[in-house]
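Chain by chain, the residues:
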Amino acid sequence: MNNMTNVTFEDKIKVVVVGCGDKAHGLSRMFDLHANKMGQYQLVFTEPMPTKIFDPFDSDYVTIEHFPECLANADIVVIAIPSYAMDSFLIQNYTLLKEGCVLVDATNPTGTKDLKGELEALNISSDHWVKAFNDTGAIQEMQNSLTTKMKLTTNVCGPNDRCVKKIASLAKYLGYSPTVVPIDQYEFLQSSQDSIGWEWLYATTVMMLLFAIAFTYVTVQVSGRPNFQWYTLLARQSSKMFAWTAVWGFALSLLPGTIIRLLKQAAYIDTTPRFLILGCSIRKHVGLLSLYFVLLHGCMMLLIFGGEYFGFLIDDGYMEWNDEASMLTAVLSVSLFMITGIASLPSVGNEMNKAQFKLVFGPVVWSALALGVMHIMFLGVPSWTATPRSRYSWSRGMPPVTLMASVLPLLVMFIKSVQVCHASMLRVKHWVASRHQVSSIHASDHLFVIEEEV
């Protein structure tokens with residue numbers, strides 16, 4: 001027996017979406033796919049600019065009503081107009097809203113006030129407003145399908161708990177996965193779609209600093225070489241800078257997590273230092289930017305690799321074994337880094353289980369770093385150990401570029417080795433202790449065993 005009852009038209013909660021642009025079409029698409037059409041919500045769209053021509057809605061379940069008459073009996077008003085029009089919308093239409101109507105700010109202002117700011121500027125003291133739907137892209141919504149495994153998520157934030165719960169229920173009804181965010185975190189939600197995110201800003205800053213270090217060192221070191229030509233900085237030497245930046249970036253992306261594990265294992269520290277938390281927050285971004293520098297290095301080498309610049313690698317038409325090994329490790333390293341880069345994409349990473357994640361961001365990524373360092377060392381070690389030192393490799397008395405590029409990755413891999421060895425020792429210690437405890441229990445249970453023998 002079906003106990004489901006349909007909601008009558010008079011009982012429906014009227015949701016008016018102001019604006020008929022991409023965001024409105026996205027909300028219409030979500031309603032078509034996920035909402036119970038006989039449920040408690042009536043979705044209405046309206047365009048505040050009567051002269052504006054908008055694309056028709058490809059839906060049989062939403063209605064379009066005249067503006068501003070449709071606002072008079074609205075229970076929820078979703079503002080999906082350009083943020084610069086927010087001020088005039090409130091001035092002209094706020095008094096038309098019925099008591100208890102909830103305003104939903106779905107805009108991402110840049111250089112203008114959002115709904116909260118406009119209400120304060122107009123001295124409107126109402127707390128019946130909520131920030132929601134601004135952190136999901138309109139294109140994502142319009143391309144949403146029933147076969148998509150991942151649900152669109154949206155943060156819901158406002159000063160009134162009852163209004164927040166009301167909009168969270170609406171979001172769930174439309175097929176979103178809503179997350180209620182405390183009002184004291186509101187500033188982080190104001191412009192979700194118009195900011196590249198602080199993680200990318202920090203990661204870009206880190207990578208630019210690494211590139212500045214590589215650029216400065218390479219420029220100073222190679223400019224002292226015999227017959228140096230400055231124009232070689234454009235391609236030949238910049239390739240070295242890209243490689244140095246990439247390998248240091250990859251090493252830095254792996255360092256915070258390794259230090260955290262080591263501190264918890266060796267020092268039993270429960271509170272993680274904030275700078276290590278920051279490092280873990282941006283490690284994926286640093287890794288992806290490092291992959292970009294690897295690709296720059298690879299493309300540059302493909303363009304300039306030839307007898308003019310790299311004839312010294314070829315002896316009688318053949319490479320030495322270390323040069324061949326360097327090429328092999330380079331290819332293997334890049335291929336493994338590509339795997340970790342693909343796994344870092346949200347559409348891929350969100351589908352990985354724990355075992356897959358530990359494999360890719362454990363043995364695979366560390367193998368990629370080790371192979372990358374081996375690529376540099378196969379090329380550079382002969383110049384490090386040659387006696388007497390070459391004026392070319394040790395120009396200005398400065399260590400070779402390959403040596404400097406290897407220092408940080410080798411240090412990070414050493415720390416990782418210490419952490420892995422310590423973890424292995426702890427596992428062995430715990431295993432021995434557990435075996436001793438089990439054998440003691442079994443011995444003490446035997447009737448004829450004296451206490452000294454136990």
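What you are looking at is a predicted structure, and each value in this text was computed from that prediction instead of being measured.

Chemist: Lay out the state of the cysteines in plain terms, naming residues and giving numbers.
Modeler: According to the stated counting rule, one finds zero disulfides in the structure shown. In this structure Cys70 is a free cysteine whose sulfur lies 9.5 Å from that of Cys20, the closest cysteine sulfur available. The buried category is assigned to Cys70, whose relative accessible area is 2%.

Chemist: Tell me about the packing of helix H7 (residues 236–266) against helix H8 (residues 274–304), residues and numbers included.
Modeler: To characterise two packed helices, one gives the angle between the axes of the helices and the distance between these axes. Look at H7 against H8: their axes get within 7 Å of each other, and the N-to-C directions meet at 155 degrees. One element, H7, and the other, H8, form an angle in the roughly antiparallel class. For the pair H7 and H8, the sense of crossing is left-handed. Split by residue class, the contact of H7 with H8 holds 18 nonpolar, ten polar and two charged.

Chemist: Provide a residue-level description of the packing of aromatic side chains, including the pertinent values.
Modeler: Applying the stated criterion to the full structure yields 18 aromatic pairs. For the ring pair Tyr41 and Tyr173, a centre distance of 4.6 Å and an interplane angle of 50 degrees mean the geometry is tilted. Taken together, the residues span a long stretch of sequence, with Tyr41 in strand E2 (residues 41–46) and Tyr173 in helix H5 (residues 161–173) at a distance of 132 residues. The class of Tyr41 is buried, set by a relative accessible area of 5%. What makes Tyr173 buried here is its relative accessible area of 14%. Between Trp244 and Trp248 the ring centres are 5.6 Å apart and the planes differ by 70 degrees, which places this aromatic pair in the edge-to-face class. In this pair, Trp244 and Trp248 are both assigned in helix H7, four residues apart and thus about one turn of the helix distant. Grouping residues by exposure puts Trp244 and Trp248 together as buried. Ring-pair connections join several aromatic residues into one group, and the members of that group are Phe211, Phe215, Phe242, Tyr292 and Phe293. One Lys or Arg, Lys37, reaches over the ring of Tyr61 and ends 4.9 Å from the middle of that ring. Across from the ring centre of Tyr392, 4.2 Å away, lies the NZ or CZ of Arg225, which sits over that ring.

Chemist: So what's going on with unusual backbone geometry? Residues and values would help.
Modeler: Residue Phe67 is joined to Pro68 through a cis peptide bond whose omega torsion reads 5 degrees. Looking at where Pro68 falls in the secondary structure, it is placed in the loop between strand E3 (63–64) and strand E4 (76–79). Pro388 follows Thr387 through a cis peptide bond whose omega is -5 degrees. Considering the arrangement of structural elements, one finds Pro388 in the loop between helix H12 (354–385) and helix H13 (401–444).

Chemist: Kindly report on the pairing of E2, identifying the contributing residues and their values.
Modeler: Extensive coverage of E2 is indicated by the burial of six of its six residues. Of the two faces of E2, the one holding Tyr41, Leu43 and Phe45 and the one holding Gln42, Val44 and Thr46 are both buried throughout. By the bridge criterion, six bridges tie strand E1 (residues 13–18) to E2 in an arrangement that is parallel. Bridge pairing links Val17 to Phe45 in E2. Chirality of the crossover, the property in question, places the unit of E1, helix H1 (residues 22–34) and E2 among those that are right-handed. Here E2 pairs with E3 via two bridges, running parallel. Bridge pairing links Val44 to Thr63 in E3.

Chemist: Give me the lowdown on the environment of Val164, citing residues and values where you can.
Modeler: Mapped onto the secondary structure, Val164 falls in helix H5. Note: C-alpha distance between Val164 and Gly306 (142 residues apart in sequence) is 65 Å. Not counting residues up to four positions away in its chain, the partners in contact with Val164 are Val130, Val156, Cys157, Gly158 and Val180.

Chemist: Which residues make up the environment of Gly137, and what are the values?
Modeler: Residue placement: Gly137 occurs in the loop between strand E6 (129–131) and helix H4 (138–142). Residue Gly137 is classed as buried on the basis of its relative accessible area of 14%. Separated by 15 residues in sequence, Gly137 and Leu152 place their C-alpha atoms 9.5 Å apart.

Parameters and conventions
- Residues numbered from 1 in each chain as written.
- Predicted model: local features only at pLDDT ≥ 70, side-chain atom pairs only at ≥ 80, totals over all residues.
- Heavy atoms only, no water.
- Disulfide = S-S within 2.5 Å.
- Buried < 20%, exposed > 50% of the residue type's maximum accessible area, 1.4 Å probe, protein only.
- Axes fitted to C-alpha atoms, helices over the stretch in contact; angles between N-to-C directions.
- Helix = DSSP H or I, 4+ residues; strand = E, 2+ residues; numbered from the N terminus.
- Parallel < 35°, antiparallel > 145°, perpendicular 65-115°, else oblique.
- Left-handed = near helix turned anticlockwise from the far one by under 90°.
- Nonpolar A, V, L, I, M, F, W, Y, C, P; charged D, E, K, R; others polar.
- Phe/Tyr/Trp six-rings, centres within 6.5 Å; stacked < 30°, edge-to-face > 60°.
- Lys NZ or Arg CZ within 6 Å of the ring centre and 35° of its normal.
- Pairing = 2+ DSSP bridges.
- Right-handed = clockwise from strand over helix to strand, strands pointing away.
- Contact = heavy atoms within 4.5 Å.

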